[in-house]
Amino acid sequence: MGASLADARVAAAGRDACDPLAAIRDAFLLDDRTIYLDGNSLGPLPRRAAAKVGATIEQEWGRDLIASWNTAEWFRKPWSVGDRIGRLVGAAPGQVVVCDSTSINLFKAACAALRMRPDREVIVSEAGNFPTDLYILESAGRWSGGRRLRLAGRDGALDELIAADGADRPALVCLTQVDFRSGLRHDMAAVNQRIRAAGALGIWDLSHSAGAFPVALDADGSDFAVGCTYKYLNGGPGAPAFVYAARRWHEAIDQPLAGWIGHADPFAFELGYRPAEGIGRFLCGTPGIVGIAALEAALDVWDRVDLAVVRTKSEALTEAFIAAVGRFADRHGLELATPSAVAARGSQVSWRHPRGYAVMKALIADGVVGDFRAPDVMRFGFTPLTLRHVDVIDAAARLERILDEERWRPFEGGRGSAVT
Ligand SMILES: *Cc1c(COP(=O)(O)O)cnc(C)c1O
């Protein structure tokens, strides 16, 4: 470690000594040799998750069997767990349900929003949005009478597309608040204002926001939102996602996957579909109780956490990483792909490098786990519940050594794994 990084490490150790989140790290299973900078892709395991899932399986399923739909309140889980997520994203109770995947929830919300704007043809998003969002929006447009997708970065600037007139007036604006590649963060309140002024409806994808910083869906005037729970929220691989709709729209929502759990009275077994009152009409089929149990173990940890404190630490971690890598970035051709203004980013830092794939593989082999996003982005996620300030400096030091000594060379030539 160079002298200047050594100084930075001393300062980081000082911050760790008075970190209000330091004790939370123990709530997760982590191995001290690994610096895990991929909690923005798959959050680590809450230690209590195995016991919680075990109890759900052995007692509730194993012994109490079907009675658990009532006695363990399985049937209420989409709402009760939804409200716990609602607290983390600034939604008052009764506006969030936990169900399905982010992709499916986006389809339901997009089709519902498009039905509420039948006389407009256009869906606005961004060319850099996460592919599933773009694929789903394209499909929702196709299944909603042939709406057109216009993308900021391909068809014009975002503000212009939102404010477009005539045949290009948007019905729906769907954005991921934090860009999965660059980490750029939208100002939710400001964008919502533009969407409202245009007479359109908005859907926010909070996959890289929920659990990363305070989100104020209600206060910022949002219409709809979706997001996943297996990234910053630590709900486990493929954990159930969530969907939010502002109360003012509930009665107007007509979503396409009209399954029996979203019916007003599922156990009346009526011949025709009548949607539930409220946010429950976004539900479709039977909730996955075992997956929800793991998510609840994660939310038990979140109940002890103040998201304003999370954001303050997140800013310190990303600032420190940018400064530490910045010391050798030019020398090695690393280009910062994340906004340098702290308010304009989420909780990740991305660096472009022409050998990014091989460098990331070498880093992972050296115990620093980040990920790679084509074509050349090395992505580092900073999860304040589990990371120490010194981890950031140690990760930068290992990156510097890999570049100085060209330890990435053996990893060149290939994208071997299905998941990068
Ligand atoms: C991770 C992520 C998803 C994931 O969708 P799934 O349906 O859970 O596979 C969707 N959108 C964004 C922006 C994401 O970052």
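Scroll up to find the structure.
Only a predicted model underlies this, so the values are computations on that prediction, with no experimental measurement involved. (Residues numbered from 1 in each chain as written. Predicted model: local features only at pLDDT ≥ 70, side-chain atom pairs only at ≥ 80, totals over all residues. Heavy atoms only, no water.)

Asker: When you look at the overall build of the protein in this model, what are you seeing that I'm missing?
Answerer: When helices and strands are counted, the protein shows 12 helices and 13 strands. The C-alpha radius of gyration computed for the protein amounts to 22 Å, which stays within 12% of the reference 22 Å derived for 420 residues, consistent with globular compactness. Referenced to the eigenvectors of the C-alpha coordinate spread, the extents of the protein come out at roughly 70 × 60 × 40 Å. Taken over 420 residues, the protein has a buried fraction of 54%. The long-range fraction of contacts in the protein, counting pairs at least 24 apart against all pairs at least 6 apart in sequence, stands at 72%. (Helix = DSSP H or I, 4+ residues; strand = E, 2+ residues; numbered from the N terminus. Rg over C-alpha atoms; globule rule 2.2 N^0.38 Å. Buried < 20%, exposed > 50% of the residue type's maximum accessible area, 1.4 Å probe, protein only. Contact = heavy atoms within 4.5 Å.)

Asker: I would appreciate a short explanation of the site of the ligand in the present structure.
Answerer: Neighbouring the ligand are the residues Ser101, Thr102, Ser103, Phe130, Thr132, Asp133, Thr176, Asp205, Ser207, His208, Tyr230 and Lys231. Tyr230 is positioned with one of its side-chain polar atoms (N or O) 2.8 Å from an oxygen atom of the ligand. Lys231 is positioned such that a nitrogen or oxygen atom in its side chain is 2.5 Å from an oxygen atom of the ligand. Burial of the ligand by the protein amounts to 86% of the accessible area it has alone, namely 390 Å². (Near = heavy atom within 4 Å. Polar contact = N/O pair within 3.5 Å; in protein donor to acceptor, adjacent residues only side chain to side chain. Areas by Shrake-Rupley, 256 points an atom, 1.4 Å probe, with all protein chains shown as cover.)

Asker: I keep staring at the side chain of Gln177 and nothing clicks. Help me out?
Answerer: Note that Gln177 resides in the loop between strand 5 (170-176) and helix 8 (188-197). Polar contacts involving the side chain of Gln177 include one to the side chain of Ser209, which spans 2.8 Å. Residues within four places of Gln177 in sequence aside, it is in contact with Leu184, Arg185, His186, Met188, Trp204, Asp205, Leu206, Ser209, Phe213 and Val215.

Asker: I tried to follow helix 4 (residues 77-88) on my own but got confused; where do I start?
Answerer: Residue pairs spaced three or four apart in an α-helix point in one direction, given the helix's 3.6 residues per turn. In a regular helix each residue adds 1.5 Å, so 12 residues correspond to 16 Å; helix 4 covers 17 Å between its end C-alpha atoms and thus fits that length. Within helix 4, burial applies to Lys77, Pro78, Trp79, Val81, Gly82, Ile85, Gly86 and Leu88. Looking one or two places after helix 4, you find Gly90, whose phi comes out positive at around 70 degrees. (Expected span 1.5 Å × (residues − 1).)

Functional significance is not addressed by these values, which are geometric in nature.
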